[in-house]
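Architecture at a glance
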Amino acid sequence: MEMKFRIIVLAGILGLGLAAGQEPQVSYQVQHLLTASSPSDSRSKEWKPGDGLTLEVSGMAWMGKELALSIRKGEVWIVENPLAENPEDLKFRLFASGLHEPLGLAVDGDDLLVSQRAEITRLQDSDGDGVADAYLTECDGWNVSGNYHAYSYGPERDGEGNLWVTLNLGMGQLADNSIGWRGWGGIIGGDGRFQPKAMGMRSPSGLGANLDGDMFYTDQQGTWIPASPVYHLRPGVFFGNQESLGTLENPNAPFQLSQVPKPNQPYPKALRSVKEFVPPAVWLPYNKLGRSTTDIEVIPEGEAFGPFGGQLLVGEFTNSAIQRVFLEKVDGEYQGACFPFLDGFPAAVVRLSFGPDGSLFVGMTNRGWSSLGNRSYGLSRVTYQGEAPFAIQEMKARPTGFELLFTHPIDPESVKSDSGLSMTNFTYEYSSSYGGEEIDTQANAIRNRTLSEDGKTLVLEIEGLRELYVHELHLDGIRSRSGESLSQPRAYYTLNRIPKP
Amino acid sequence: MPAGMMELGKKSTGLRPRTNPVPSEIRTNGLFRKGSTRFFRSPLGSAAWLVLVIGVCLWAKIPVFSQPHVAGYERFHADEASVEGGAILFSELGCASCHGGSDMIVPRQGPALTNLSSRVDRDWVRSFLKTPESGRKGSTMPSLVHGLSDEEIDGVVDYLGSLGKGLKFRAERHANAERGSALYHEKGCIACHEPTDDFRGPRARGDQFESEFAIAHPELTKKTSLAALHHFLMQPSAFRPDGRMPHFALEKQEAMDIAAHLMDFQPSDPREAVTLKPWPKADASSIELGKAVVQKQNCAACHSLPGIEASTPFPLDATERATGCLSREKEEGVPFYPLSEGQRASLLLFLSREDRSSHDELSFAAMNCVACHERDGRGGPSPETDPYFVGMESLGDSGRIPPPLTGVGHKLLPDAMKHVFTGLEGSRVRSYLKTQMPVYGQHSEVLTKWLQEEDSRVETHSDPLDAEPSGDSIGAGQKLLGIHGGVNCITCHQWDQKDSLGIPALDISRLDQRLRYDWFHEYLLNPASYRPGTLMPPLWPGGNSTVPDVLEGNAEKQIGAIWAFIAKGEGIPEGFPDRSGGQFELVPTDQPIIQRTFFNQTGTKAILVGFPGKVHLAYDGAKGKPSLIWRGGFFDAYDTWFTRAAPFGDPLGEDTRLFEGETGERRFLGYRLDREGNPTFLLRVGDQKLEDHFEVSDGILKRVLRWDSGEEPAVGHPKGVEKTIRRKDGLLEVEYRWK
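Quick caveat: nothing in here was measured; it's all calculated off a predicted structure.

Cut-offs and rules
The residue numbering used here restarts from 1 in each chain and proceeds along that chain's sequence as written. Chain A is the first chain written and ligand 1 is the first ligand written, with later ones labelled in order. Per-residue local features of the predicted model are confined to residues with pLDDT of at least 70, and side-chain atom pairs are confined, for both listing and counting, to 80 or more; whole-chain, interface and lining totals are unaffected and use all residues. Secondary structure counts use DSSP, requiring at least four H or I residues in a row for a helix and at least two E residues in a row for a strand, with both numbered from the N terminus. To sort residues by exposure, count the other C-beta atoms lying within 10 Å of each residue's C-beta; 20 or more gives buried, 12 or fewer gives exposed, and values between give partly exposed, all with C-beta atoms placed from the backbone. Two residues form a contact once the distance between their C-beta atoms, set from the backbone, is within 7 Å. Radius of gyration here uses only the C-alpha atoms, and the compact-globule reference equals 2.2 Å multiplied by the residue count raised to the power 0.38. Each residue carries a pLDDT value, the predictor's own confidence for that position, ranging from 0 to 100. In this entry, domain limits derive from an automatic or database-based domain assignment. Under the convention adopted here, Pro, Cys and the residues Ala, Val, Leu, Ile, Met, Phe, Trp and Tyr are nonpolar, Asp, Glu, Lys and Arg are charged, and Gly plus all remaining residues are polar. Whether two strands pair comes down to DSSP finding at least two bridges between them. Angles run from 0 to 180 degrees between N-to-C directions of axes, and those axes are lines fitted to C-alpha atoms, restricted for helices to the stretch in contact. In what follows, roughly perpendicular refers to angles from 65 to 115 degrees, roughly parallel to angles under 35, roughly antiparallel to angles over 145, and oblique to any angle outside these ranges. Take the far helix as the reference: if the near one is turned anticlockwise from it by less than a right angle, the crossing is left-handed, and if turned clockwise, right-handed. Expected helix span is given by 1.5 Å per residue-to-residue step, counting one fewer step than there are residues.

Counting secondary structure elements, chain B contains 27 helices and 16 strands. Counting across all 739 residues of chain B, residues that qualify as buried make up 43%. Taking the intrachain contacts of chain B between residues at least 6 apart in sequence as the baseline, contacts between residues at least 24 apart amount to 65%.

Attention now goes to the overall build of chain A. Summing up its helical and strand segments, chain A has 2 helices and 34 strands in all. A globule of 501 residues ought to have a C-alpha radius of gyration of about 23 Å, and chain A, at 23 Å, matches this closely. Oriented by its inertia axes, the alpha-carbon framework of chain A measures out at about 65 × 60 × 40 Å. Once local pairs closer than 6 in sequence are excluded, the contacts in chain A between residues at least 24 apart make up 59%.

Here the focus is the confidence of the model for chain B. All names here are of chain B. Looking at chain B as a whole, the pLDDT averages 86, with 89% of positions reaching at least 70. The low-confidence segment residues 1-43 (pLDDT under 50) makes 72 contacts with residues lying over four places distant or belonging to another chain. Here residues 53-65 is modelled with pLDDT under 50, and outside its nearest four sequence neighbours on either side it reaches 9 contacts, counting other chains as well. Under the prediction, the complex receives an ipTM of 0.92, its pTM being 0.73.

For the rest of this paragraph, the subject is the domain arrangement of chain B. Examined at the domain level, chain B breaks down into domain 1 (66-162 + 282-358), domain 2 (471-568) and domain 3 (581-738). One C-alpha centre belongs to domain 2 of chain B, the other to domain 3 of chain B; they are set 46 Å apart.

Pro155 of chain A follows Gly154 of chain A through a cis peptide bond whose omega is -5°. Positionally, Pro155 of chain A belongs in strand β11 (residues 152-157). Put simply, Gly180 of chain A and Trp181 of chain A share a cis peptide bond, and its omega is 0°. Positionally, Trp181 of chain A belongs in the loop between β12 (163-167) and β13 (184-188). The backbone of Asp698 of chain B shows a phi angle near 50°, a positive value even though the residue is not glycine. Structurally, the position occupied by Asp698 of chain B is in the loop between β12 (688-697) and β13 (700-707).

Further remarks concern the interface of chain B and chain A. Tallying the contact residues gives 54 residues for chain B and 42 residues for chain A. Among the elements of the structure, α23 (489-492), β4 (593-599), β5 (603-610) and β10 (667-673) of chain B are those that each provide at least two residues to the side of chain B that touches chain A. At 6 residues, the largest contribution of residues to the side of chain B that touches chain A is made by β10 of chain B. Among the residues forming the side of chain B that touches chain A, the class breakdown is 27 nonpolar, 18 polar and 9 charged. Here strand β10 (residues 134-139) of chain A runs beside β10 of chain B; their pairing, made up of 3 bridges, is antiparallel. Bridge pairing in β10 of chain B places Tyr135 of chain A opposite Tyr671 of chain B.

With that settled, the discussion passes to the sheet that holds strand β7 (residues 625-631) of chain B. Residue and element names in this part refer to chain B. The strand order across the open sheet built from 6 strands is β4-β5-β6-β7-β9-β14, with neighbouring strands paired in antiparallel fashion. In the strand order of this sheet, the two ends are held by β4 and β14 (717-718), each with one partner. In the sheet, β5 pairs with strand β6 (residues 615-620) via 5 bridges, with the strands oriented antiparallel. Bridge assignment links Leu608 to a residue of β6, and that residue is Ala618.

Residues and elements named next belong to chain B. Taken N-terminus to C-terminus, the directions of helix α13 (residues 226-234) and helix α15 (residues 252-262) make an angle of 130°; their axes are 8 Å apart at the nearest point. Comparing the axis directions of α13 and α15 gives the class oblique. In this structure, α13 meets α15 at a crossing whose hand is right-handed. Judged by residue contacts, Leu226, Leu229, His230, Leu233 and Met234 of α13 engage Lys252, Ala255, Met256, Ile258, Ala259, Ala260 and Leu262 from α15. Looking at the contact of α13 with α15 residue by residue, the classes come out as 10 nonpolar, 1 polar and 1 charged.

Residue and element names in this part refer to chain A. When pLDDT is averaged across chain A, the result is 90; 91% of the residues are at 70 or more. Confidence drops under pLDDT 50 across residues 1-24; counting only partners more than four residues distant or on other chains, this segment forms 57 contacts. Across residues 38-52, confidence stays below pLDDT 50; counting only partners more than four residues off in sequence or on other chains, it has 31 contacts.

All names here are of chain A. Relative to the helices and strands, Val107 is located in strand β7 (residues 105-108). Classification of Val107 by C-beta neighbours within 10 Å gives partly exposed; the count is 14. It is 9.3 Å that separates the C-alpha atoms of Val107 and Pro155, two residues lying 48 residues apart in sequence. When neighbours within four sequence positions are excluded, Val107 is seen to be in contact with Ala61, Trp62, Met63 and Leu112.

All names here are of chain A. Burial runs high along strand β20 (residues 293-298): 6 of the 6 residues are buried. As paired strands, β20 and strand β21 (residues 312-316) are joined by 4 bridges and run antiparallel to one another. Considered in β21, the bridge of Ile296 is made with Val314.

Residue and element names in this part refer to chain B. Look at helix α5 (residues 83-92) against helix α17 (residues 341-352): their axes get within 7 Å of each other, and the N-to-C directions meet at 95°. Judged by the inter-axis angle, α5 sits roughly perpendicular to α17. Contacts from Val83, Gly85, Gly86, Ala87, Leu89 and Phe90 of α5 reach α17 at Gln343, Ser346, Leu347, Leu349, Phe350 and Leu351.

In this section: the pairing of β12 of chain B. Residues and elements named next belong to chain B. Here strand β11 (residues 679-685) runs beside β12; their pairing, made up of 6 bridges, is antiparallel. In the sheet register, Val685 faces β12, and the bridge partner there is Gln688. Here β11 folds back onto β12, and the loop between the two strands holds 2 residues, one of which, Gly686, carries a positive phi near 60°. Note that β12 and β13 share 8 bridges and pair antiparallel. Note on β13: the bridge partner recorded for Val696 is Leu701.

Residues and elements named next belong to chain B. End to end, helix α10 (residues 150-161) covers 16 Å across 12 residues, agreeing with the expected 16 Å (1.5 Å per residue, within 8%). Buried within α10 are the following residues: Gly155, Val156, Val157, Asp158, Tyr159, Leu160 and Gly161. In the core, the buried residues of α10 are packed alongside α7 (116-119), α8 (122-130) and α16 (284-296).

Moving on, we come to the sheet that holds β13 of chain B. Spatially, β7(A)-β8(A)-β9(A)-β10(A)-β10(B)-β11(B)-β12(B)-β13(B)-β16(B)-β15(B) is the arrangement adopted by the 10 strands of the open sheet, whose pairing is antiparallel. What marks the edges here is a single partner per strand, and that holds for β7 of chain A together with β15 (721-728) of chain B. Going across the sheet, the axis of each strand differs from the next one's by a mean of 25°, ignoring polarity. Across 4 bridges, the pairing between strand β8 (residues 111-115) of chain A and strand β9 (residues 120-124) of chain A is antiparallel. Directly across from Val114 of chain A, in β9 of chain A, lies its bridge partner Thr121 of chain A.

For the rest of this paragraph, the subject is the domain arrangement of chain A. All names here are of chain A. Domain annotation of chain A identifies domain 1 (10-384) and domain 2 (392-495). Distance from the C-alpha centre of domain 1 to the C-alpha centre of domain 2: 29 Å. Counting from both sides, the interface comprises 41 residues of domain 1 and, opposite them, 35 residues of domain 2. Looking at the side of domain 1 that touches domain 2, the elements that each hand over two or more residues are β18 (265-266), α1 (267-273), β19 (282-284), β22 (321-330) and β23 (333-342).

Another point: α17 of chain B. Spanning 12 residues, α17 of chain B covers 16 Å between terminal C-alpha atoms, matching the ideal 16 Å at 1.5 Å per step. For α17 of chain B, the elements touching its buried residues are α5 of chain B.

Residue and element names in this part refer to chain A. On the secondary structure map, Leu404 appears in strand β28 (residues 401-406). In this structure Leu404 comes out as buried when scored by C-beta crowding, with 23 C-beta atoms within 10 Å. Put simply, Leu404 and Ser178 are 226 residues apart on the chain and 45 Å apart in space, counted from C-alpha to C-alpha. Residues within four places of Leu404 in sequence aside, it is in contact with Ile392, Met395 and Leu458.

For the rest of this paragraph, the subject is the environment of Gly603 of chain B. All names here are of chain B. For Gly603, the location among the structural elements is in strand β5. We classify Gly603 as partly exposed; it has 18 C-beta atoms within 10 Å. Sequence separation of Gly603 and Gly391 is 212 residues, and the distance between their C-alpha atoms is 26 Å. Every residue in contact with Gly603, bar those within four places of it in the chain, is listed here: Asp620 and Ala622.

Structure (structure tokens):
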């Protein structure tokens, strides 16, 4: 089999803010392992089925030191030596084929579990020749109408060992969202049937657990969803999209809504009106922080990927980027802040997975929609270079404001300027529209700024905090002690609850 | 709730358009109809409340109070008296027809009155003349016949009935009110009119619709007949020349179905519909009397009447206050309008101006273009009508909401714009919008000229075609449009006859024939600034190219090159898959090929097995049964692998045979492949485990079924092939041969 790979660049991105005359300091290096462009691309004239590899990555899972990748046209490939220094040395092996649009991959013992449109399938290599010879139904039990938009995602394992699956809403011809279980997330039951747990999803294309084993999912801006949210996924809750309310009439629906929230009102009001309706742990404001969220991947504990261990990375389709999310628990519920992290990837970022060495593998495909990355697919690897970027490491809510932890000590003078530090807060309208504008924006006065002795913790006392509003912080004036400005001087905190004093 | 019944101090929260927020203090100003709350809360008011509520209930169909309804005024100016509101009313209530002094782009005219006796019920006409607002709630027709004798009124009716030679309606054979309802609710009628209560759309429920801006229909079954309404809907501009009820280019059947819906005509044969009661033959003397009245009342100022000239417009005395046509009481010989206090105040404000020229934007409101289109932050669907705008959901709101018109005169070339107004074929580029742009044929010149002048501006980007673009530039444009190192335009956009690779955004192969380059250039740099929420990404974020290796990564040059290729290039952008030569045909050679897909006659969990022996199988993974076999070519995987819309596939070969007789509930558990790649499907039937193995040799499909316990399961076979069956213990071997 002929395979051609082209290495685009081996470039550092997230160059840190520079003081005059300084060399760019690179915290994360991005290596493009494989990017679309070769003539064996399956959309070129020369391509024949079986020739080459269209690596439109839709799922990633590690089998020891080997990396399994599912691709959208229905194959699973194994990268035998993904950590090879020279990308040209990478060896790919076809493991499974003929699948129906796989969009997720997980390891289970020696097997792989892969999502297809109509089921989760266990791929087994029973004779040990390195190729799957059993395609066993692991889980089914949801309706597949034949509508293209009715995707299935997962499985993804939580801390208790449950395997979570999410089911996209259909859209357009043949769509039927009133039959089980469109718009639902659930787990693989012991009987091999999908067990619905939570509903009101639209396009839940990313799943991932944090270090505590709690499951999260991303949704995408669209009908009923004003911007991209990251939700804590757990049983018995409603995430707001009403298109699949009809599924509640199914006798197997695990819960009912005490009331259907009324549309065309501010989001906080709608949330307060129905107890099952939960807010996202974090909103990723549209355009300000991408447009279509995809995968969730937790940064492993420790410093292997910089000072952000335990935080979540969130893939971004349209802007070919990765965002970072810090979460904390207030009154037992997750909430937190999101920050821009990495961008400039060659195609839409769809899947993220940390390798055994702590480097991040980024799987990409532009299929179906466009992205700023103009290649149709790709696989990249991001490695930490040992020097943390100057960034907000954590942002925590306080009863009267926020507490920011920086990766480097900051210059006390730079904290004083009014123009260099500002906050506003806003929310969205809850409506059936496709996406929604920010509404009810108010400025927050910053009354007090207290910098810790080590210069790394800044406590801001802020007026006019509003629960369930997104608080947008700009820190253009902040400088490190060595004069750098922040690599990303913006943060968006979703203040669902103000901590009690 | 009907629009005319909203005036009892109903809270207007949520009913006002988002784009026109009204501070609440204005709403309590006692001058306006909203302000009637204060009075109705007083003790005296409470009694009045009760009387009124009962009154309104009794008159549910025909409310007592009904001021003339002008959508553009109601939506933007009803909350506060304003010159602008007055200007709209002055035109739309026909004031200008007698008095002159309105400069709306398309002047208001009354409907045609010829052939009335073929189209409208005589009693309805008579009662409409006496109280126009009882014939149609919110009618803008003033009362003109108060003070006249019954004889004179009958004379007017007889005169009107004598106009025209009568119409013969073509007998239509089919009507479908249900389809008519779907068309009525999605074609854009709801932008101006109310939905029907029983309508259930993908995002809307008719019975939840409450809007103050909807234009009421008359009680159509009392006014007209199915055939006449059909005739009207086929050519509204022939009866309503001023475009306020715009002309739609409806198919004959569409018009009939919509008419059936509006008349609540459920049978399928329109010939069964009630026809109009023939008008009695009128005395010549009565007609003469009526004609004299019509002349005296100056009806010709608004309506085109044969042989009757309108009187010369007579200017108004600006010092007049609430008298004459503005009077609260009917005065003999003076048209009477049941104006609301707010309307009256607005008209007075307008009339007190010496310069009565109206702002150009008001024409948008007067003609209700704003019902569908936003312009300069104002208008577009209201929160109530928004759910009725449907189209291609995968394009977001751009796929269902008509485009904004901000700067449209800068965006569109004059000819392209005129073609949109005249409805020239091919001029409506957003085929995915269900809402249909009306035709403004006779107004197309004046509307085009107006918008082009209104939006003209100094252009900052010179058209690359002004100088002959180089071959290099055209070539770069071709690359940029494509997906091989370009900016991927064709991922979302159609190119001529070729579907995009992803979402079905509009055809960009002829943009140069529609757009000004200056607009195109600015739009590409920041699409969201023109249309917030568009799915179109900024491909040159911050003005920087994402493709550094084309034209030195220069954004200006790259955008120019794209334009140059669209205008001058030959060929197509790079990256459309070439489907010639069966490249996506899966051809099993040494091993079977398995592919899952959506497949006709099998379903959404089809597992296709192509054997090298040119005999192929489709297995239904949802039911756990084989569904069909065929010979020859196996399967073209193009749609499964690359088409975003995921259409259902079909066998590539011939001699398709369907399995029959395979019954009973089965649970599909997957399949295993043997060394040669032949599949064994794994099933469970109750407690029984069943294996269903297939392979092909010498053109014969061999099937082996094994079960672990119990009875032999029900096994079906394809119809129309020869089968040989051998039975052993817990085993069934079958061979299928084509006859």
